[in-house]
Amino acid sequence: PVSIASQGKSIPAVSAPPFIKAAPKAIPRPVAAEIALRKTEILRNIFFQSDSLVLSLYDNGQVDGDTVSVVVNDQVIIARQGLTTTAKTTTIYTQNVPGDSIKIIMYAENLGSIPPNTGLLVIQDGDQNHQIRFEGDYQKNSAIILRRKR
């Protein structure tokens with residue numbers, strides 16, 4: 001700090017705070033960023049008849065930190081969900097979906113501590129339950145095709 005003399009009086013200088021450069025902010029990676037670059041394996045075709053389907057997502061086997069995103073007809077409905085023994089549940093209202101089929105893709109956001117990324121998807125269609133075990137990695141997605149029963 002420097003003092004400034006003004007009309008015989010000494011005024012203490014105000015010291016400027018040190019210049020601190022802010023760390024650059026990390027740009028978050030978009031959810032399911034590389035979905036089009038990965039092969040998508042169709043695991044199963046399932047016929048449904050309800051106006052709503054309840055999807056429940058679990059880790060399949062040992063909980064090891066797997067994280068997935070779920071994409072329905074090119075729209076992310078579950079983003080970066082860590083899989084555990086407790087279900088992450090969401091509902092798809094099928095009357096709002098154009099056409100007679102729904103494509104559900106499970107996208108591995110990571111591999112957990114025990115590759116590949118594995119999970120269990122339970123689809124409740126009225127009184128019917130469908131259990132689908134899936135796996136994915138940085139080269140492959142898993143998918144289910146749901147078709148409206150006529």
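Scroll up to find the structure this text is about.
Conventions used here
Residues numbered from 1 in each chain as written. Predicted model: local features only at pLDDT ≥ 70, side-chain atom pairs only at ≥ 80, totals over all residues. Heavy atoms only, no water. 1 Å grid on protein atoms, 1.4 Å probe; cavity = no way out; pocket = protein on both sides within 12 Å on 5 of 7 lines; lining within 4 Å. Points joined across faces, edges and corners; volume = space filled by probe spheres on them. Helix = DSSP H or I, 4+ residues; strand = E, 2+ residues; numbered from the N terminus. Buried < 20%, exposed > 50% of the residue type's maximum accessible area, 1.4 Å probe, protein only. Pairing = 2+ DSSP bridges. Lys, Arg positive; Asp, Glu negative; His and termini not counted. Salt bridge = Lys/Arg side-chain N within 4 Å of Asp/Glu carboxyl O. Contact = heavy atoms within 4.5 Å. Axes fitted to C-alpha atoms, helices over the stretch in contact; angles between N-to-C directions.

**Q** I tried to follow the layout of surface pockets on my own but got confused; where do I start?
**A** Each pocket or cavity is described by its volume, and for the largest pocket that value is around 160 Å³. Forming the boundary of the largest pocket are V72, N73, Q75, I77, T91, I92, Y93, N96, V97 and P98. Elements with a minimum of two residues in the lining of the largest pocket: strand 6 (75-82) and strand 7 (88-93). Counting residues per element, the lining of the largest pocket draws most heavily on strand 7, at three residues.

**Q** Would you take a moment to explain unusual backbone geometry for this structure?
**A** Leaving glycine out, the prevailing phi sign among residues is negative, and the prevailing peptide bond configuration is trans. Here P115 and P116 are connected by a cis peptide whose omega angle stands at -5°. Of note in the backbone geometry, A32 takes a positive phi value of approximately 50° without being a glycine. Backbone geometry places N73, a non-glycine residue, at a positive phi of 45°. Relative to the assigned elements, N73 resides in the loop between strand 5 (67-72) and strand 6.

**Q** When you look at the pairing of strand 9 (residues 117-125) in this model, what are you seeing that I'm missing?
**A** Walk down a regular strand and you will see the side chains alternate between the two sheet faces. Of all nine residues that make up strand 9, eight are buried, and the element is covered over most of its length. As paired elements, strand 4 (residues 52-59) and strand 9 share six bridges and run antiparallel to each other. For L57, the partnering residue across the bridge sits in strand 9 and is L121. Examined bridge by bridge, strand 9 and strand 10 (residues 128-136) share nine bridges and lie antiparallel to one another. Counterpart to Q124 in the pairing with strand 10 is N129. Taking the residues between adjacent antiparallel strands as the criterion, strand 9 and strand 10 are bridged by two residues, where G126 takes a positive phi near 65°.

**Q** It is not clear to me how the side chain of D59 should be interpreted in this structure. Could you clarify?
**A** Within the secondary structure, D59 sits in strand 4. This buried residue, D59, is left without a salt bridge; R133 holds the nearest opposite charge, at 10 Å. When residues no more than four places from it in sequence are discounted, the contact partners of D59 are D64, D66, L83, T84, T118, G119 and L120.

**Q** Looking at this structure, how should I read the sheet that holds strand 4?
**A** Where strands meet in a sheet, backbone hydrogen bonds hold them as pairs that are either parallel or antiparallel. With antiparallel pairing, four strands are arranged side by side in an open sheet as 7-4-9-10. Each having just a single partner strand, strand 7 and strand 10 make up the two edges of the open sheet. On average, each strand axis in the sheet is tilted by 25° relative to the strand beside it, whichever way the strands run.

**Q** Explanation requested: the sheet that holds strand 8 (residues 101-108) in the structure shown.
**A** Spatially, the five strands line up as an open sheet ordered 3-11-8-5-6, and their pairing is mixed. Only two strands of the sheet have a single neighbouring strand rather than two, namely strand 3 (39-48) and strand 6. Adjacent strand axes in the sheet meet at a mean angle of 20° when their direction is disregarded. In the sheet, strand 5 pairs with strand 8 via five bridges, with the strands oriented antiparallel. The residue bridging V68 from the neighbouring strand is A108, located in strand 8.

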